[in-house]
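Each chain is listed here by its residues.
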Amino acid sequence: YGMGYHQNRYSPLAQINKSNVKRLVPVWSLSLENDLGEQAQPLVYDGVMYVSNARWTVAIDALTGKQLWRTAVDYEPETPRVVCCGVSNKGVALYNGKVFRTTLNAFVVALDQKTGKEVWRQKAAEWKEGYSQTVAPLIANGVLVTGISGAEFGIRGFLDGWDPDTGKHLWRRYTTAGPEDKGCDTWEP
C-alpha cells in the first residue's frame, strides 16, 4: 500500500506515459455496490485485486474483472453519526495468506485471502466514544500496524501493533501525551 513504507504513492513504472496514456480504454468494470464513495487504493497480488470500502472487502480477478469473493462489513447503523472522517476505508494489507482491514466501528479484521472468510476480529476502541478506523493497515517487521481516527471528537490518537496470525494485541503507542506523561502540560485540556 502506498508503494512502500514511505507512502509516496508514486510508481516509477514507465510503460504508461504522456505519449500513450490517451490510448488506454476500460476492459472491464465491476460495481462495488457502495453509494458512500470510494477512497481505497487497491492492492494487486498474484493476479488478484483486493479492494475495500466502508461496506465491503472484495477480491477480483485483475484480468477479467470477475468477482472472486465479497465479504460484508457489519457495523451498527448509527455509527456514521458518531464517528469522524467520513464513511470510508483507505485499503487493505496482505500478509501470510490473509487480507487485513479496519472498520468504521474500530475493529481490525483478518480475512482468508482465498475465500474472504473471517479469520479473526479484534476491537481497537469504542466507536460510541468517537473512535473509528478508516486507515489502511500496514505490515512492518511481521507486525500488523493500525491507526485510529477521531481526533475531531477529542479522542486520544494511537497506533496499535497486532500479531497477524492470531490477532493478539501486541502494543499501543499514543500520538499525544496523556495526563501522566511528560509534555502533557504543553496542551490545553
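Residues numbered from 1 in each chain as written. Predicted model: local features only at pLDDT ≥ 70, side-chain atom pairs only at ≥ 80, totals over all residues. Heavy atoms only, no water.

Our focus in this paragraph is the nonpolar core. Listed in full, the 12 residues of the largest apolar core are Tyr-1, Leu-43, Val-48, Tyr-50, Ala-59, Trp-69, Val-92, Val-99, Phe-107, Val-109, Leu-111 and Ala-136. Secondary-structure elements contributing two or more residues to this core are strand S2 (48-52) and strand S7 (107-112). Per-element accounting of this core gives the leading share, three residues, to S7. Every residue in contact with Leu-43, bar those within four places of it in the chain, is listed here: Tyr-1, Val-48, Met-49, Tyr-50, Val-92, Ala-93 and Leu-94. (Core = buried A, V, L, I, M, F, W, Y, C linked by side-chain atoms within 4.5 Å. Buried < 20%, exposed > 50% of the residue type's maximum accessible area, 1.4 Å probe, protein only. Helix = DSSP H or I, 4+ residues; strand = E, 2+ residues; numbered from the N terminus. Contact = heavy atoms within 4.5 Å.)

We now examine the pairing of S7. Along S7, five of the six residues are buried, which leaves the element largely enclosed by surrounding structure. By the bridge criterion, five bridges tie strand S6 (residues 98-102) to S7 in an arrangement that is antiparallel. The residue bridging Val-99 from the neighbouring strand is Leu-111, located in S7. Between the antiparallel neighbours S6 and S7 lie four residues, among them Ala-106 with a positive phi of about 70°. Where S7 lies against strand S8 (residues 118-123), five bridges are found, and the strand directions are antiparallel. Residue Phe-107 lies in a different strand from S8, and its bridge partner there is Lys-123. (Pairing = 2+ DSSP bridges.)

If a probe as big as a water molecule is rolled over the atoms, it shows which places are left empty. Estimated volume of the largest pocket: approximately 270 Å³. Along the wall of the largest pocket there are 12 residues; nearest its centre are Arg-156, Thr-176, Ala-177, Trp-187 and Glu-188. Each residue belonging to the lining of the largest pocket can be placed in one class, and the counts come to six nonpolar, four polar and two charged. (1 Å grid on protein atoms, 1.4 Å probe; cavity = no way out; pocket = protein on both sides within 12 Å on 5 of 7 lines; lining within 4 Å. Points joined across faces, edges and corners; volume = space filled by probe spheres on them. Nonpolar A, V, L, I, M, F, W, Y, C, P; charged D, E, K, R; others polar.)

Once that is clear, we can look at the packing of aromatic side chains. Tallying each qualifying case throughout the model produces four aromatic pairs. Summarising the aromatic geometry, the rings of Phe-100 and Trp-120 are spaced 6.0 Å apart at their centres and angled 45° between planes, so their arrangement reads as tilted. You can see Phe-100 sitting in strand S6 and its partner Trp-120 sitting in strand S8, a full 20 residues away along the chain. What makes Trp-120 buried here is its relative accessible area of 6%. Put simply, the rings of Tyr-131, Phe-158 and Tyr-174 touch in pairs and so form one group of aromatic residues. (Phe/Tyr/Trp six-rings, centres within 6.5 Å; stacked < 30°, edge-to-face > 60°.)

On to the sheet that holds strand S3 (residues 56-61), then. Taken in spatial order, the four strands line up as S1-S2-S3-S4 in an open sheet, and their pairing is antiparallel. The sheet is open, and its two borders are formed by strand S1 (43-45) and strand S4 (67-72), each paired with just one other strand. Averaged over all neighbouring strand pairs, the angle between strand axes comes to 15°, with direction disregarded. Direction of pairing for S1 relative to S2: antiparallel, over a ladder of three bridges. The partner of Tyr-45 across the bridge, within S2, is Val-48. (Axes fitted to C-alpha atoms, helices over the stretch in contact; angles between N-to-C directions.)

With respect to burial, S3 is a largely interior element, five of its six residues being buried. Note that S2 and S3 share five bridges and pair antiparallel. The partner of Tyr-50 across the bridge, within S3, is Ala-59. Across five bridges, S3 lies against S4 in antiparallel orientation. Its bridge partner lying in S4, Trp-56 is registered against Ala-72. Hairpin geometry of S3 and S4 is characterised by an intervening segment of five residues between the two adjacent antiparallel strands and by a positive phi of about 80° at Gly-65.

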